[in-house]
Amino acid sequence: MDPLPETESRRALADLLETLRDADERWVSPEWNLHTADDAVEAHRALMHYLQWGLVGLFERDPSAPRFQRLVTPSRKLLGDNPDTVYFEAPVSADHVYRVTGETKDAIYLSITVESSSGWGSMDNQVLSVLNDTTLDVDADGRFEIFVGGEPRQRNWLELPPEEGAVISRHYFEDTTHAATNPARIPEMDIQVIGGTPAPRPSDDSVSAGIRRIAAMIRELTVDRVPMAQGEPRSWVSLVPNEFPPPGLPGDLGLSATDAAYALAPFVIGPDEALMIRGRWPECRYANISLWNRHLQSLDYANRSISLNRAQMVADDDGRFTAVIAHTDPGTPNWLDTEGRPFGIAFWRFMLPEGEIETPQAEVVPLAELPTRL
């Protein structure tokens, strides 16, 4: 039997397999501060989530025939997902003009952004244009229409980058249950090319390009990314365990909301300890604290209490609260479940904040003493 002709898709697949092998051998290693069997398992799980997004969102990615895809789900976590947010993403290009239609679903905060695309998942991407619910015209039924690219319009218009980019929507909800697990909170989002024509059937060029996009994304999120403990952190990122920095704006950080304030710190607690956090909710549209692993994946919010927004947090009339990060339920309000992890990341979000945000204060205390310290 004669062998199949050599194709670019086969070469691209070989490159993807080599990228996965490189991620396993280099990224899942002490070079990236991974030392234990549990570290390896968690990294391999993150790698599979990256691959899942690549297959869903990047493989058949065509700005001439875009489709909105749900960026993260309860079983696909990456880049600091949030249980209270429903994200959609679609590719765009300056070669086309687009009509985006959608619905608010009564979101407490909604934004639509256009980002440049130096590499999918790159922190070097730039947010180029933004609409949020304060600048977006919405009809009485909560539906909206946005034009992306083409001649500027006074309302409901977003500028495109000179190269390819992405449109990302963020619907935030402050419910007592997490929106990401609630089908009633998933909005309809659609994007169409104005005057577009059907895309040609798949070819060696298009299939190989899709495979290479997946490989490039995996490299970007693994072996090409500097470990968190290296490099100069942003002002709102703490490298000191159990010590939160003052919340700050994301600046030029890719894949972020430009009208939010963030604060991040690692937590480290022993088996019989708890991290007691005192804070006060600021004036803002939405706020929460959530727990991630080191790969910026939220913990299991479908089955555990790993995230608390203002509707879920017990607080006084002044918005002051005490939250507790612990391995087991301490029997006090506002518990954040570590899943038994000795360390992870605690991340604060404040959307459209007004005025100064108090820096949350944390203290490690013996678990047995916790009730007397509250």
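What you see as residue numbers is a count from 1 along each chain, following the sequence as written. Owing to the predicted nature of the model, reporting of local features is limited to residues with pLDDT of at least 70; listing and counting of side-chain atom pairs is limited to 80 or more, with chain, interface and lining totals taken over all residues. No hydrogens and no water enter the side-chain calculation; it runs on all heavy atoms of the structure.

Caption draft 1: Main features of the overall build of the protein. Only DSSP runs of H or I reaching four residues or more are called helices, and only runs of E reaching two or more are called strands; each is numbered from the N terminus. Along its length, the protein carries four helices and 17 strands. Over its C-alpha atoms the protein spans a radius of gyration of 22 Å, differing by no more than 12% from the 21 Å that the globule rule assigns to 374 residues. Principal-axis analysis of the C-alpha atoms places the extent of the protein at approximately 75 × 55 × 35 Å. Per-residue burial over the protein gives 51% buried out of 374 residues. Throughout, the radius of gyration refers to the C-alpha atoms, and the reference size of a globule is 2.2 Å times the residue count to the power 0.38. For each residue, the accessible area found with a 1.4 Å probe, counting protein chains only, is set against the maximum for its type, and the residue is called buried under 20%, exposed over 50%, and partly exposed in between.

Caption draft 2: The arrangement of the side chain of D337 in detail. One can find D337 in strand 15 (residues 335-337). Residue D337 is classed as buried on the basis of its relative accessible area, which comes to 5%. A distance of 2.9 Å separates the side chain of D337 from the side chain of R304, its partner in a polar contact. With sequence-adjacent residues up to four places away left out, D337 is seen in contact with L291, L299, R304, S305, I306, A326 and H327. Definition of a polar contact: a pair of N or O atoms within 3.5 Å, with one able to donate and the other able to accept a hydrogen when the atoms are protein atoms, and with sequence-neighbouring residues admitted only if both atoms are side-chain atoms. Whether two residues are in contact is decided by their heavy atoms: any pair within 4.5 Å suffices.

Caption draft 3: Structural view of the layout of surface pockets. Lining residues are defined by having an atom within 4 Å of a point belonging to a cavity or pocket. Those points lie on a 1 Å grid over the protein atoms alone, cavities being sets where a 1.4 Å probe fits but cannot get out and pockets being open sets with protein on both sides within 12 Å along at least five of seven lines. Grid points are joined across faces, edges and corners, and a volume is the space filled by probe spheres set on the points. Approximately 330 Å³ is the volume attributed to the second largest pocket. Lining the second largest pocket are 14 residues, and of these E60, D62, A199, P200 and S206 sit closest to its centre.

Caption draft 4: Looking closely at the pattern of salt bridges. Salt bridges are defined by distance alone: a side-chain nitrogen of Lys or Arg within 4 Å of a carboxyl oxygen of Asp or Glu. With the rule as written, the count across this model stands at 23 salt bridges. Among the ionic pairs, R99 bridges to E145, the shortest N-O distance being 3.2 Å. Pair noted here: R99 is in strand 3 (residues 98-103) and E145 is in strand 6 (residues 143-148), with a separation of 46 residues, a long-range link. You can call R99 partly exposed: its relative accessible area is 32%. R320 serves as the salt-bridge partner of D318, at 3.6 Å between the closest nitrogen and oxygen. The class of R320 is partly exposed, set by a relative accessible area of 38%. Within this structure, E6, E8, R11, D15 and R212 form a network of salt bridges that share partners.

Caption draft 5: Focus on the nonpolar core. Core analysis: the largest hydrophobic core is formed by 39 residues, its most contacted members being W27, Y50, M217 and I218. Counting residues per element, the ones that place at least two in this core are helix 1 (8-27), helix 2 (37-58), helix 3 (204-221), strand 10 (260-268), strand 12 (286-292) and strand 16 (343-351). Of all the elements, helix 2 adds the most residues to this core, at seven residues. Non-local contacts of W27, meaning those with residues more than four positions away in its chain, are made with D22, W32, L34, A43, A46, L47, Y50, L221, T222, V223 and H295. What is meant by a nonpolar core is a set of buried Ala, Val, Leu, Ile, Met, Phe, Trp, Tyr and Cys residues, joined one to another through side-chain atoms within 4.5 Å.

Caption draft 6: Spatial organisation of the sheet that holds strand 11 (residues 273-280). In this description, strands pair whenever DSSP reports at least two bridges between them. Pairing within the open sheet is mixed, and its four strands lie in the order 15-14-11-17. The open sheet has two edge strands with one neighbour each: strand 15 and strand 17 (361-366). If you compare each strand with its neighbour and ignore which way they point, the axes differ by 25 degrees on average. Judged from the six bridges that link them, strand 11 and strand 17 form a sheet pairing that is antiparallel. Paired with I277 across the bridge in strand 17 is A362. Fitting a line to C-alpha atoms yields each axis, with helices limited to the stretch in contact; the angle taken between N-to-C directions then spans 0 to 180 degrees.

Caption draft 7: Broad picture of the pairing of strand 10. Of all nine residues making up strand 10, seven are buried, and the element is well covered by its neighbours. In the sheet, strand 10 pairs with strand 16 via nine bridges, with the strands oriented antiparallel. Along strand 16, the bridge assignment pairs A260 with M351.

Caption draft 8: Empty space enclosed by the protein, seen in detail. This model, assessed by the stated rule, comprises two cavities of 30 Å³ or more. Lining the largest cavity are 13 residues, with G57, E60, R67, Q69 and P91 sitting closest to its centre. When residues of the lining of the largest cavity are traced back to their parent elements, those giving at least two are helix 2 and strand 2 (85-92). For this classification, Asp, Glu, Lys and Arg are treated as charged, while Ala, Val, Leu, Ile, Met, Phe, Trp, Tyr, Cys and Pro are nonpolar and the rest, including Gly, are polar. Residues belonging to the lining of the largest cavity are distributed by class as follows: six nonpolar, two polar and five charged. By volume, the second largest cavity amounts to about 50 Å³. Along its surface, the second largest cavity is lined by 11 residues, and E89, E115, W120, N125 and A166 are the ones closest to its centre. Elements supplying a minimum of two residues to the lining of the second largest cavity: strand 4 (109-116) and strand 8 (165-172). Ranked by residues supplied to the lining of the second largest cavity, first place goes to strand 8 with three residues.

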